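# Chain and residue survey
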Amino acid sequence: MKITLSCICHLLSAARGCRLPAAGYRNSQNPISYLLSSSRRGLAAAAVMALALSAAPSVMAAPVNFSGSTYTQDFQSMTGTTTATAASLTGGAMVEISGLGGGGPSGWYTYMTSATGNRWLSSDTGSSNAGGFRQLVDGSSPTGRAFGSQGSGNAAGFYGIVLKNTSGSTITSITISFDAVMNRNPSTTANPTAVSYRISSTDVVTSASTADGTFANSAGTWSTFSTDLSFTSPSSGTGAPGTQAAITPLFKIATKTVSSQSVSWPNNSFLYIRLSETDDSGSDASQGIDNFSISLPATVPAAPTITSITPGNGQLSVAFTAPSSDGGAAVTNYKYSTDGGTTFTAVSPAATTSPITITGLSNGTSYNVQIRAVNAAGDGTATASTAATPRTVIVTGK
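## Observations regarding the sheet that holds strand E21 (residues 356-358)
One open sheet holds the 3 strands; their spatial order is E17-E18-E21, and the pairing between them is antiparallel. Each edge of the open sheet carries a strand with a single partner, namely strand E17 (305-312) and E21. Recorded for the sheet is a direction-independent mean angle of 25 degrees between the axes of neighbouring strands. Bridge analysis of E17 against strand E18 (residues 315-321) gives 7 bridges, and the strand direction is antiparallel. Paired with Ile-309 across the bridge in E18 is Val-318.

## Here's the deal with the pattern of salt bridges
Tallying each qualifying case throughout the model produces 4 salt bridges. Note that Asp-212 and Arg-198 form a salt bridge whose closest N and O atoms lie 2.6 Å from each other. You can see Asp-212 sitting in the loop between strand E12 (195-200) and strand E13 (231-232) and its partner Arg-198 sitting in strand E12, a full 14 residues away along the chain. For Arg-198, a relative accessible area of 10% corresponds to the buried category.

## Notes on the nonpolar core
Membership of the largest hydrophobic core comes to 41 residues, with the highest contact counts inside it found for Leu-163, Ile-273, Phe-292 and Ile-294. Among the elements that make up this core, the one with the highest residue count is strand E10 (residues 171-184) (6 residues). Of all hydrophobic cores here, the second largest spans 17 residues; its members include Tyr-334, Tyr-336, Val-347 and Ala-388.

## Describing unusual backbone geometry
That bond from Thr-248 to Pro-249 is cis: its omega, 0 degrees, falls within 30 degrees of zero. Of note, Pro-249 is situated in strand E14 (residues 246-265). Here Ser-348 and Pro-349 are connected by a cis peptide whose omega angle stands at -5 degrees. Inspection of the secondary structure puts Pro-349 in the loop between strand E20 (345-346) and E21.

## Some remarks on the pairing of strand E6 (residues 117-124)
Counted residue by residue, E6 has 7 buried out of 8 residues, so it is predominantly covered. Where strand E3 (residues 86-89) and E6 come together, 4 bridges link them in antiparallel fashion. Looking at E6, one finds that Ser-88 is bridged to Asn-118. In the sheet, E6 pairs with strand E7 (residues 132-137) via 3 bridges, with the strands oriented parallel. Its bridge partner lying in E7, Trp-120 is registered against Phe-133.

## Concerning the side chain of Thr-383
Among the structural elements, Thr-383 can be located in the loop between strand E23 (378-379) and strand E24 (386-388). Thr-383 has contacts with Ala-303, Pro-304, Thr-305, Ile-306, Val-369, Gln-370 and Ile-371, leaving out every residue within four places of it along the chain.

Definitions and limits used
Residues numbered from 1 in each chain as written. Predicted model: local features only at pLDDT ≥ 70, side-chain atom pairs only at ≥ 80, totals over all residues. Heavy atoms only, no water. Pairing = 2+ DSSP bridges. Helix = DSSP H or I, 4+ residues; strand = E, 2+ residues; numbered from the N terminus. Axes fitted to C-alpha atoms, helices over the stretch in contact; angles between N-to-C directions. Salt bridge = Lys/Arg side-chain N within 4 Å of Asp/Glu carboxyl O. Buried < 20%, exposed > 50% of the residue type's maximum accessible area, 1.4 Å probe, protein only. Core = buried A, V, L, I, M, F, W, Y, C linked by side-chain atoms within 4.5 Å. Contact = heavy atoms within 4.5 Å.

Next up, the structure:
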């Protein structure tokens, strides 16, 4: 790229009011040499900074695009080791952990309501008593990893995930599951972690803010899930309050699941899911989230297609092609009807491949046959009726 003084001054004009000099500069003169002359080195430094800023890529937060296909996160892509590095978090700002030490995934954020400080640990085996957000690790092989926090008077707030609906339509129901885990017990009382969510048309705001686009209480109305996903560290046994020590491997407090949560999540809007970190009495636990998944609840299968029916002695062999969609859950059996869909009978033993054979029929009687697939969500759409008549098949020799 050819650099001219007018180009440099254009970059500086808004901030410095730079103008090309009427004298002392010749159009044929090298602009860099001109700027580096002893009397103009301040201008040169500003020009270099302006060029650097203009060339630097912008760093944008990146919520997870949710197209309707199941999204999972086990944090195993993180790279923190037993040697932790600390990073500063800006108070009152959404900070994506992918930009912090430890190689966190995109779409996951911290939001400190306390003051700015070194409140991110790239890894914590459970040995640290420094409050803040962190990657939880253990001594297993391979290393277990999770995303969590430890509350203190200087470290409180929220952490979680933001997802963008890119499915092309409004999502009305979701299923969420995760493991609540810990690697350090609290000293005095069991520690609760509340989980809440909200849906917003506003993308993540990464500058300091308490408005929409953040995990702040004042961002909008936060709701708990119909099956509460909040969890509390154990009151007895592993992870109970007492002398604090690292726990390895990561201890699973519980698996938390909400199925078919009713929502109204418009296309191109955002789902904010946050976990709260409060300062409890005594020294807090290090606990968090692992093996997260979000999916659309399974629906019943689409209709299969009958391709042919072969009559037999008191039976019909029904060939078919499978449904175009299994509804998000595997087909486990088929049902058939011989009375045009008034009643259906499950194939026994269960069958999931073509053909299926319907027995116990009367030769010479016409039957209106339909079939439908079955999955965990229930019975799918039936095929149209196809008439067929069983008969005795006579095989003649040569």
